[in-house]
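Single-letter residue listing:
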Amino acid sequence: FTSVFILIITAGLWGTAIVERNLATTLTWNLWWTGLIIAVLFSGSAWCAICPWDNIATWLVNHKLWQRSNSNSRLQLKVPHSLRSVWPASLLFIGFTWLELGIGIVSSPYATALLALAMVILATTALALFEGKAFCRYMCPVGRTVGAYSQLSPIALRPHDHDICKNCKTLECFHGSEKIAPCPTKLIMGRLQENTYCTSCGNCTLSCPSQNISWQLRSPSSEAIKYARPHKDEAFFMLILLALTMFHGLTMLDGWQNYITSMAQLVNDSSQLILSFSIGLVASLIIPSLCYLLSIGMTLKLCVNKNGLSRDKIDFNKLFSGFAFTALPLAFAYHIAHNLTHFVRESSDWFALLSNPLGTGTEPLSMMEKHMRHMEIMISEHALFTVQGLIMLAGFVISVLVIRHRGYRLFAAKGIQLLPMLIFAGIITAFNLWMLVQPMTMRM
């Protein structure tokens, strides 16, 4: 993957500027981003183990990948308290969305390559400055997205026998061994209940003296439904994830251009419509969050009225964080369904691209070629909509299970007390389904 990553940078910096003829843009935005989200469903956070950003940074700083490093090129500083949350990743995710859809780096091989280089520089700088892998745990928007979605995956690194971990005094999974590096995100396997920060590096499997850790199959979505305990920053990240996935769909609708035009006239935005786009992005972040907060508030009121509890005895933050998992399967389902649209409608001639990754001597696609490319999709539209509908249905069902289990477990809430959250899940699902069946403007 690192060699492919280097090829992408090379193609982006020195290849053709024709977006559909350059391997950098087609491989990054059509194949990798689509495949990555789908792969989480089957492999959890395995992408993080082969991530070229981290692997290049690790080699540059440690001069080794999984073994303990003798390099003195790290300062090993404590991560500042202000960075010890997923807010840096959340802000970077919002920033990337602004660059992707507002500035249009998805249509620029050169900008795509620069973004890839910037991520390597950020990962290397964080590794050189801070202990552990602060970039992976706190800053990487892709890693935090994979970590959040992997809580719905049926596969995870876990102990075979929890009693062995309970009686372990040396904690090699955390500290590492003589040859194997410690857990990069400071996890103890015997206490692990969620995939969020596991990078699937495999250090724990190599260092455990009892060979008690390996990939385990589990009930899909059980972690999100029952076991995970998010902090408030992680809950906000799930809401941001939901809002941004929906925003990607919105910007592809025909009505988006009408909004941009109207907003530009209203705010006198005569440049590249960046201000109008930014207002739309902020609104798209705020509206789903407000809907969620309203649902939480109504749920709280129903719990107080029905159960006769005092508001002082109900922790709003616990309710907010616990129910945030309602948004996760809704975001994941739409993310997969939306990316499938890109994958089947923006298919490329991969043989031609691989044989000429820089696009040397190529010409832009004609309007007829672009039309035929979007019309002659890999599968029929009926089959595509059927698959997308089933995915959206699965996301809604999992969301309902989250509401039902967590509502009862948090506040013994059931029946009508859960209605606000069920309405929230239903509205989001219905809106996302509506977007999927609308005519969409492709990126390439």
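Owing to the predicted nature of the structure, the values given are computational and were not obtained by experimental measurement.

Student: I keep staring at the overall build of the protein chain and nothing clicks. Help me out?
Tutor: Along the backbone of the protein chain there are 21 helices and two strands. A globule of 444 residues ought to have a C-alpha radius of gyration of about 22 Å, and the protein chain, at 23 Å, matches this closely. Seen along its three principal axes, the alpha-carbon backbone of the protein chain occupies a region of about 65 × 60 × 45 Å. Within the span of the protein chain, comprising 444 residues, buried residues form 52% of the whole. Put simply, of all contacts in the protein chain between residues at least 6 apart along the chain, 83% involve residues at least 24 apart. Total accessible area on the protein chain stands at roughly 20900 Å², and carbon and sulfur atoms take up 65% of it. Each charge class in the protein chain was averaged separately, 32 positive and 22 negative side chains, and the resulting centres sit 13 Å apart.

Student: When you look at the pairing of strand 1 (residues 155–159) in this model, what are you seeing that I'm missing?
Tutor: Each regular strand carries side chains that alternate between the two faces of the sheet. The buried fraction of strand 1 is high, at five of five residues. What you see with strand 1 is no split at all: Ile-155, Leu-157 and Pro-159 on one side and Ala-156 and Arg-158 on the other are buried throughout. In this sheet, strand 2 (residues 213–217) lies alongside strand 1 in antiparallel orientation, the contact comprising five bridges. If you follow Leu-157 over to strand 2, its bridge partner there is Trp-215.

Student: Which parts of the structure should I look at to understand the nonpolar core?
Tutor: Soluble globular proteins tend to bury their nonpolar side chains together. One finds Trp-53, Phe-135 and Tyr-292 to be the most contacted residues of the largest nonpolar core, which totals 111 residues. In this structure Tyr-292 touches Leu-239, Leu-319, Phe-320, Phe-323, Ala-324, Met-421 and Phe-424, once residues within four positions along its chain are discounted. Counting six residues, the second largest nonpolar core, distinct from the first, contains Ile-8, Ala-11, Ala-24 and Leu-27.

Student: Which parts of the structure should I look at to understand the environment of Thr-10?
Tutor: Tracing the chain through its elements places Thr-10 in helix 1 (residues 2–14). With a relative accessible area of 29%, Thr-10 lands in the partly exposed category. Between the alpha carbons of Thr-10 and Pro-357 there is a distance of 9.1 Å; along the sequence they are 347 residues apart. For Thr-10, the residues in contact, after removing those within four places along its chain, are Gly-15 and Leu-358.

Student: Looking at this structure, how should I read the side chain of Ser-200?
Tutor: Relative to the helices and strands, Ser-200 is located in the loop between helix 10 (172–175) and helix 11 (203–207). Here Ser-200 falls in the buried class, since its relative accessible area comes to 8%. Of the polar contacts made by the side chain of Ser-200, one reaches the side chain of Ser-45; its length is 2.8 Å. Beyond its immediate stretch of four places on either side in the chain, Ser-200 contacts Ser-45, Ala-46, Ala-49, Leu-157 and Trp-215.

Student: Looking at this structure, I do not really get helix 1. What am I missing?
Tutor: Two residues of an α-helix separated by three or four positions point the same way, owing to the 3.6 residues in each turn. Over its 13 residues, helix 1 runs 18 Å from end to end, which matches the ideal 18 Å to within 8%, given 1.5 Å per residue. Along its buried surface, helix 1 packs onto helix 2 (23–43), helix 4 (52–62) and helix 6 (109–129).

Student: Would you explain unusual backbone geometry in this entry?
Tutor: Phi is mostly negative for residues that are not glycine, and the peptide bonds are mostly trans. One non-glycine residue, Gln-76, lies in positive phi territory at about 55 degrees. Within the secondary structure layout, Gln-76 lies in the loop between helix 4 and helix 5 (87–103). In this structure Gln-76 comes out as partly exposed when scored by relative accessible area, which is 44%. Located in the positive-phi region is Leu-171, a residue other than glycine, with phi close to 50 degrees. When you line up the elements, Leu-171 lands in the loop between helix 9 (162–166) and helix 10.

Student: Which parts of the structure should I look at to understand the pattern of salt bridges?
Tutor: Evaluated as defined, the whole model comprises four salt bridges. The partner of Lys-78 in a salt bridge is Glu-131, with the nearest N and O atoms 3.7 Å apart. Taken as a pair, Lys-78 in the loop between helix 4 and helix 5 and Glu-131 in the loop between helix 6 and helix 7 (134–139) lie far apart in primary sequence, 53 residues in all. You can call Lys-78 exposed: its relative accessible area is 62%. Note that Glu-223 is salt-bridged to Arg-218, the shortest N-O span being 2.4 Å. Of the residues examined, Glu-223 reaches a relative accessible area of 1% and is grouped as buried.

Student: Got a minute to help me understand helix 6 in this structure?
Tutor: The end-to-end C-alpha separation of helix 6 is 30 Å, in line with the 30 Å expected for 21 residues at 1.5 Å each. Pro-109, Ala-111, Thr-112, Ala-113, Leu-115, Ala-116, Met-119, Val-120, Ala-123, Thr-124, Ala-126 and Leu-127 are the residues of helix 6 that are buried. Those residues of helix 6 hidden inside the fold are in contact with helix 1, helix 2, helix 4, helix 5, helix 7 and helix 8 (141–149).

Student: Explain the environment of Val-61 to me, please; I cannot follow it from the model alone.
Tutor: Looking at where Val-61 falls in the secondary structure, it is placed in helix 4. Between the C-alpha atom of Val-61 and that of Leu-127, which follows or precedes it by 66 residues, the distance is 7.1 Å.

Student: Would you take a moment to explain the confidence of the model for the protein chain for this structure?
Tutor: A low pLDDT means the predicted coordinates there should not be read in detail. The share of residues in the protein chain with pLDDT of 70 or more is 91%, and the mean pLDDT across the chain is 86. When mean pLDDT is taken per element in the protein chain, helix 21 (residues 419–436) scores highest with 95 and helix 19 (residues 367–375) scores lowest with 63.

Student: Help me understand the side chain of Arg-144 in this model?
Tutor: Residue position: Arg-144 is located in helix 8. Buried and unpaired, Arg-144 has Glu-234 as its nearest opposite-charge partner, separated by 7.4 Å. Excluding anything up to four places from it in sequence, Arg-144 contacts Val-86, Ala-89, Cys-136, Arg-137, Thr-196, Tyr-197 and Phe-237.

Student: What's the story with the packing of helix 5 against helix 13 (residues 232–250) in this structure? I'm lost.
Tutor: Axis angle and axis distance: for two packed helices, these are the angle between their axes and the distance between the axes, and together they describe the pair. One can describe the packing of helix 5 onto helix 13 by two numbers: an axis separation of 9 Å at closest approach and a directional angle of 10 degrees. In terms of orientation, helix 5 lies roughly parallel with respect to helix 13. Judged by residue contacts, Trp-87, Ala-89, Ser-90, Phe-93, Ile-94, Thr-97, Glu-100 and Leu-101 of helix 5 engage Asp-233, Phe-236, Phe-237, Ile-240, Leu-241, Leu-244, Phe-247 and His-248 from helix 13. A class-by-class count of the residues in the contact of helix 5 with helix 13 yields 11 nonpolar, three polar and two charged.

Student: Hey, could you run me through a positive patch on the surface in this one?
Tutor: Taken together, the side chains of Lys-226, Arg-229, Lys-318 and Arg-409 define a basic patch exposed on the protein surface. Its place among the elements puts Arg-229 in the loop between helix 12 (222–227) and helix 13.

Here is what the cut-offs are and how they apply
Starting from 1, residues in each chain are numbered consecutively following that chain's sequence as written. Owing to the predicted nature of the model, reporting of local features is limited to residues with pLDDT of at least 70; listing and counting of side-chain atom pairs is limited to 80 or more, with chain, interface and lining totals taken over all residues. Working from all heavy atoms in the structure, the side-chain values ignore hydrogens and water. Strands are runs of DSSP state E lasting at least 2 residues, helices are runs of H or I lasting at least 4, and numbering of each runs from the N terminus. This radius of gyration counts C-alpha atoms alone. The globule rule is 2.2 Å times how many residues there are, raised to the power 0.38. Only protein chains enter the area calculation, which uses a 1.4 Å probe; residues under 20% of their type maximum are buried, those over 50% are exposed, and those in between are partly exposed. Throughout, a contact is declared for two residues whenever any of their heavy atoms are within 4.5 Å. Per-residue and other accessible areas were derived by the Shrake-Rupley procedure at a 1.4 Å probe size, with only the shown protein chains allowed to occlude residues. The charged-residue count follows a simple rule in which Lys and Arg add positive charge and Asp and Glu add negative charge, with His and chain termini not counted at all. To locate a charge, take NZ of a lysine, CZ of an arginine, CG of an aspartate or CD of a glutamate. Strands were regarded as paired on the criterion that DSSP finds at least two bridges between them. We define the nonpolar core as a collection of buried residues of types Ala, Val, Leu, Ile, Met, Phe, Trp, Tyr and Cys that are connected through side-chain atoms lying within 4.5 Å of one another. Two N or O atoms form a polar contact when they lie within 3.5 Å of each other; inside protein one atom must be a possible hydrogen donor and the other a possible acceptor, and for residues adjacent in sequence the pair counts only when both atoms belong to side chains. A helix is expected to span 1.5 Å multiplied by its residue count minus one. The rule for a salt bridge is simple: a side-chain nitrogen of Lys or Arg has to be within 4 Å of a carboxyl oxygen of Asp or Glu. The predictor's confidence in any single residue is recorded as pLDDT, a number from 0 to 100. Every axis in this analysis is a line fitted to C-alpha atoms, fitted for helices over the stretch in contact. Angles between the N-to-C directions lie between 0 and 180 degrees. In this scheme, roughly parallel covers angles under 35 degrees and roughly antiparallel covers those over 145, while 65 to 115 is roughly perpendicular and the rest are oblique. Note on residue categories: nonpolar means Ala, Val, Leu, Ile, Met, Phe, Trp, Tyr, Cys or Pro, charged means Asp, Glu, Lys or Arg, and polar means any other residue, Gly included. Without a salt bridge and with relative accessible area above 30%, a residue can belong to a patch; like charges are then joined within 9 Å and nonpolar side chains (Val, Leu, Ile, Met, Phe, Trp, Tyr) within 5 Å.

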